[in-house]
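# Summary of structural features
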Amino acid sequence: MRGANGLAGELSHLHADSAGPMCRCGARGCLGVVATTDHVLEAARPLFGPDVNIYDVLGLAAQGEATVRRVLDDFGRLVGRHLAPACVMLNPELIVVDGTLGPAAAPVMEGLHDGLRRHMPDGAYRALTLTLGRLAENAELLGAAHLARAPM
Ligand SMILES: [Zn+2]
């Protein structure tokens, strides 16, 4: 199902924040412009200083640093909360999450589970499996190639 103009399934355009930044789609506060690396860094800067970057955050996550893991868990929870309505509507049995998260994967996935669990009917949540993708940085390119070959 691609929808009337091919936007069906573009979950990054789910609404997340009425006061959020403008998205390239023309709407304001889409999940894809709210739940970003900048969001993680905004949460991390008061804890680790103004110069902290995403590589620092990933390094701290790899070391098991508790507060950075909480920041990443909160990020996953934010995504889960906003993804939950789509999951209620579509009742998927599988969600594949970007496999390039590296050491952030565990805390982000924990938060994502929590955000979905709190905002979905219990039966729908229990029927859902979340997993990390195995295609890593090739996922978008391979998905686009698959889409181009698929019948309309
Ligand atoms: Zn958008």
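An unreviewed UniProt entry lists the protein chain under the name ROK family protein, with Streptomyces bingchenggensis as the source organism. Of the protein chain, the UniProt comment under Sequence similarities (unreviewed entry) reads exactly: "Belongs to the ROK (NagC/XylR) family."

### What to know about the coordination of the zinc ion
In this structure, His13 (ND1), Cys23 (SG), Cys25 (SG) and Cys30 (SG) serve as the protein donors to the zinc ion, at separations of 2.0 to 2.3 Å. Along the chain, the residues donating to the zinc ion are arranged with the sequence spacing H-x9-C-x1-C-x4-C. Note on Cys23: relative accessible area 9%, which makes it buried. Judged by relative accessible area, Cys30 falls into the buried class, the value being 2%.

### So, the packing of helix H2 (residues 37-48) against helix H4 (residues 66-90)
Between H2 and H4, the shortest axis-to-axis distance is 10 Å and the interhelical angle comes to 155 degrees. Taken together, the axes of H2 and H4 are roughly antiparallel relative to one another. Between H2 and H4 the crossing geometry is right-handed. From H2, His39, Val40, Ala43, Ala44, Leu47 and Phe48 reach across to H4, where they touch Thr67, Val68, Val71, Leu72, Phe75 and Leu78. Per-class residue counts for the contact of H2 with H4 are 10 nonpolar, 2 polar and no charged.

### Some details on the pairing of strand E1 (residues 94-97)
Burial of the side chains of E1 is restricted to one face: Ile95 and Val97 are buried, whereas none of Leu94 and Val96 on the reverse face is. Pairing analysis gives 4 bridges linking E1 to strand E2 (residues 129-132), with the strands arranged parallel. By the bridge assignment for E2, Val96 is matched with Thr131.

### Looking at the pattern of salt bridges
What the rule picks out here adds up to 7 salt bridges. One salt bridge connects Arg117 with Asp114, and the closest N-O pair in it is separated by 2.3 Å. With Arg117 and Asp114 both in helix H5 (residues 105-119) and 3 residues apart, this pair spans about one turn of that helix. When its relative accessible area of 42% is taken as the criterion, Arg117 is described as partly exposed. On the basis of relative accessible area, Asp114 is assigned to the buried category, the value being 11%. Each member of the salt-bridge network shares a partner with another, and the members are Asp73, Asp74, Arg77, Asp114, Arg117 and Arg118.

### Some details on the packing of H2 against helix H3 (residues 54-62)
When two helices pack together, their arrangement is given by the angle between their axes and by how far apart the axes lie. Two numbers describe how H2 lies on H3: the axes approach to 10 Å, and their chain directions differ by 70 degrees. As judged from the angle between their axes, H2 and H3 are roughly perpendicular. From H2, Thr37, Val40, Leu41, Ala44 and Phe48 reach across to H3, where they touch Ile54, Val57 and Leu60. Across the contact of H2 with H3, the residue classes break down as 7 nonpolar, 1 polar and no charged.

Basis of the calculations
- Residues numbered from 1 in each chain as written.
- Predicted model: local features only at pLDDT ≥ 70, side-chain atom pairs only at ≥ 80, totals over all residues.
- Heavy atoms only, no water.
- UniProt positions renumbered as here; feature names shortened; annotations may be inferred.
- Donors = N, O, S within 2.8 Å, 3.2 Å for Na, K, Ca; no water.
- Buried < 20%, exposed > 50% of the residue type's maximum accessible area, 1.4 Å probe, protein only.
- Axes fitted to C-alpha atoms, helices over the stretch in contact; angles between N-to-C directions.
- Helix = DSSP H or I, 4+ residues; strand = E, 2+ residues; numbered from the N terminus.
- Parallel < 35°, antiparallel > 145°, perpendicular 65-115°, else oblique.
- Left-handed = near helix turned anticlockwise from the far one by under 90°.
- Contact = heavy atoms within 4.5 Å.
- Nonpolar A, V, L, I, M, F, W, Y, C, P; charged D, E, K, R; others polar.
- Pairing = 2+ DSSP bridges.
- Salt bridge = Lys/Arg side-chain N within 4 Å of Asp/Glu carboxyl O.

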